[in-house]
Amino acid sequence: MGYRAPTAEMVFTASRVIGQDRLAETERYADATAETRDAILGQAARMVEGVLAPLDRAGDRHPARLENGVVRTSPGFAEGYRAIAEGGWVGMTAGPEHGGMGLPHGIATIVNEMLSSACLSLSLCPLLSQGAIEALERHADPELRALYLPKLVSGEWTGTMNLTEPQAGSDVGALTTRAVPADDGSYRISGQKIYISWGDHDVARNICHLVLARLPDAAPGTRGISLFMVPKYLPDADGAPGPANGVRTVSLEEKLGLHGSPTAVLEYDNATGWLVGPAHGGMAAMFTMMNAARLGVGIEGVAIAEAALQRAVAFALERRQGKTADGTPAIAGHADVRRMLARMAALTRAARALCYDCAFSLDMARAGAEGEAAAHAARAAFLTPLAKAFGTDTGSEVADLGIQVHGGMGFVEETGAAQYLRDVRVTRIYEGTNGIQAMDLVSRKLADGGAAARGLIDEVRATAGRAREAGETAMAEAVEQAARELGQTTERMLAAEPVDRGAGAAPFLRQWALTLGAHYLVKGALEGGDEQRAMAELFVGRVLPEAAALAREAVAGAAPLYAIAPEALAP
């Protein structure tokens, strides 16, 4: 059974639930009409189904390998990447002046979901390039942009993010990689970086590393970090890859999943680099990359959830076992299997809508009128940690349920069900762990006094009001109650001490996600037909009640967590 892009569901969510069609009314995205979007998605679906999806198992069974200093990627990956690059899918949102399509993030997010569902390991390569493109567009000087952006946008070269070091993981301020000015205006970069996804490979002619490092006069902590462009091969006067730079692949990590994605340890030894943005301004550029990547990682979770759901449904319709309640010969007729499949679908749709909504606000922050743009920028900032954490938590839960639907056949590699869980697990860790997303939510995202949070809660209340007017009383009351409880939890979080906020951050984030999920699916029910109404009723009746328990946990405080010493937890 191969992956099939759920284009109709994607378009319904983007258009009817999120309101993406409004983008065509703006000057910036006037060409991004519904017709244009549908044509683009049709082309993308044919490419991912016909070219990328068949590569997924090969990437898992035949990992990337380092041989005599050269990284060899999985069978077919070079051809698959070439299809992505030649289709223009790397530079979807990049400016036309550098060869990009200039598309909204909303459309690119849908395409990236397709790419990730079809072959997550390979899709990481263009996703990283997209983050590098955005960082260069916003922060690099004209000379760097002119040299690197056309190559990255076309996919001729690829990009990476080099943040993590052996002693500096989530604590970026602890990094020690050094950058020393040279007489010609460039810098000499020395240090080691780990966990560099697609840090070395053979699918493109050059690799453009964006590296965080410290100048000699750097202040301690994050204030002293600068960003540098350090290519694998130094471009010549014509922009063609020239001699090798001082960067070496020490090793490739052996990982739980994503075997087709080469995760490198890179050693920089007086490598030549160029400053991106102002000296000591690396954190601003890093957050440009990270915020784009966090939404991208959230949609990776949704993508794996969709792929795992499709495989589980196909198996449940074929596998015969026992006598079912409705007489169906396959296990899809068992009530508990129905429960699992329904939960998988409901969570996937809710997480998809959340990610699409975040992308929509990112687009409106760029394209809207001045006041509207500022409001959407704050809204997108608030939704970003929710999209990243809930999208990837959903991917893990749905992949796990997919194994359960398969039973014993899910635990063996033959069916491919286990690969989804292995591949998606890291998405809850990289680009900022989901715990860090929750901490960000209760700190930075509430730093406006709760203005953005209250605005979103008002949107949920408005949906409940629409449902009541439409005669959907039960759904309206459930959503109203969830919005009321979320408002109460938010106010208590605003008043709490930092340690108590931290102790309740993760359940608070999930309470937000489930409440918004109900909001999206009920909107879908009001805009769609019987199938959307049934899905909304299922979510409201069987998933949303969890939000009330999460609300209690979120405000329980930190004292119980510190009442038992860590060493006593594992005698």
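One structure accompanies this document, and this report is about it. (Residues numbered from 1 in each chain as written. Predicted model: local features only at pLDDT ≥ 70, side-chain atom pairs only at ≥ 80, totals over all residues. Heavy atoms only, no water.)

1. Side note on the overall build of the chain
The helix and strand tally for the chain stands at 20 helices and 11 strands. For a compact globule of 571 residues, the expected C-alpha radius of gyration is about 25 Å, and the chain comes in at 24 Å, within 12% of that figure. A principal-axis box enclosing the C-alpha atoms of the chain has dimensions of 75 × 65 × 55 Å. The buried share of the chain, reckoned over its 571 residues, is 57%. Element-wise, carbon and sulfur atoms account for 53% of the exposed surface of the chain, whose accessible area totals about 22,600 Å². Charge-centre separation for the chain: the mean point of 53 positive side chains lies 4 Å from the mean point of 68 negative side chains. (Helix = DSSP H or I, 4+ residues; strand = E, 2+ residues; numbered from the N terminus. Rg over C-alpha atoms; globule rule 2.2 N^0.38 Å. Buried < 20%, exposed > 50% of the residue type's maximum accessible area, 1.4 Å probe, protein only. Areas by Shrake-Rupley, 256 points an atom, 1.4 Å probe, with all protein chains shown as cover. Lys, Arg positive; Asp, Glu negative; His and termini not counted. Charge placed at Lys NZ, Arg CZ, Asp CG, Glu CD.)

2. Things to note about the pattern of salt bridges
Enumeration over the complete set of coordinates arrives at 34 salt bridges. Here glutamate 134 and arginine 366 are joined by a salt bridge, their closest N and O atoms 2.7 Å apart. With a gap of 232 residues between them, glutamate 134 in helix H6 (residues 120–139) and arginine 366 in helix H9 (residues 335–367) connect regions that are remote in the sequence. Glutamate 134 gets classed as buried once you look at its relative accessible area, which sits at 9%. Look at arginine 366 and you get partly exposed, because its relative accessible area is 25%. Two residues, arginine 461 and aspartate 458, come together in a salt bridge whose shortest N-O distance is 3.2 Å. Of the two residues, arginine 461 and aspartate 458 both sit in helix H14 (residues 451–469), 3 residues apart, roughly one turn of that helix. (Salt bridge = Lys/Arg side-chain N within 4 Å of Asp/Glu carboxyl O.)

3. Digging into the nonpolar core
Nonpolar side chains in soluble globular proteins tend to be buried together. Among the nonpolar cores identified, the biggest contains 158 residues, and Leu52, Met114 and Trp512 are the most heavily contacted of them. The dominant element in this core, judged by the number of residues it contributes, is H9, at 18 residues. Dropping the residues within four chain positions of it, tryptophan 512 is found in contact with Phe382, Leu386, Leu441, Ala453, Leu456, Ile457, Leu486 and Thr490. Within the second largest apolar cluster, 18 residues are counted, among which are Ala64, Val71, Ile196 and Leu215. (Core = buried A, V, L, I, M, F, W, Y, C linked by side-chain atoms within 4.5 Å. Contact = heavy atoms within 4.5 Å.)

4. Some remarks on the state of the cysteines
According to the stated counting rule, one finds 0 disulfides in the structure shown. Distance from the sulfur of cysteine 125, which forms no disulfide, to the nearest cysteine sulfur (cysteine 208) is 11 Å. (Disulfide = S-S within 2.5 Å.)

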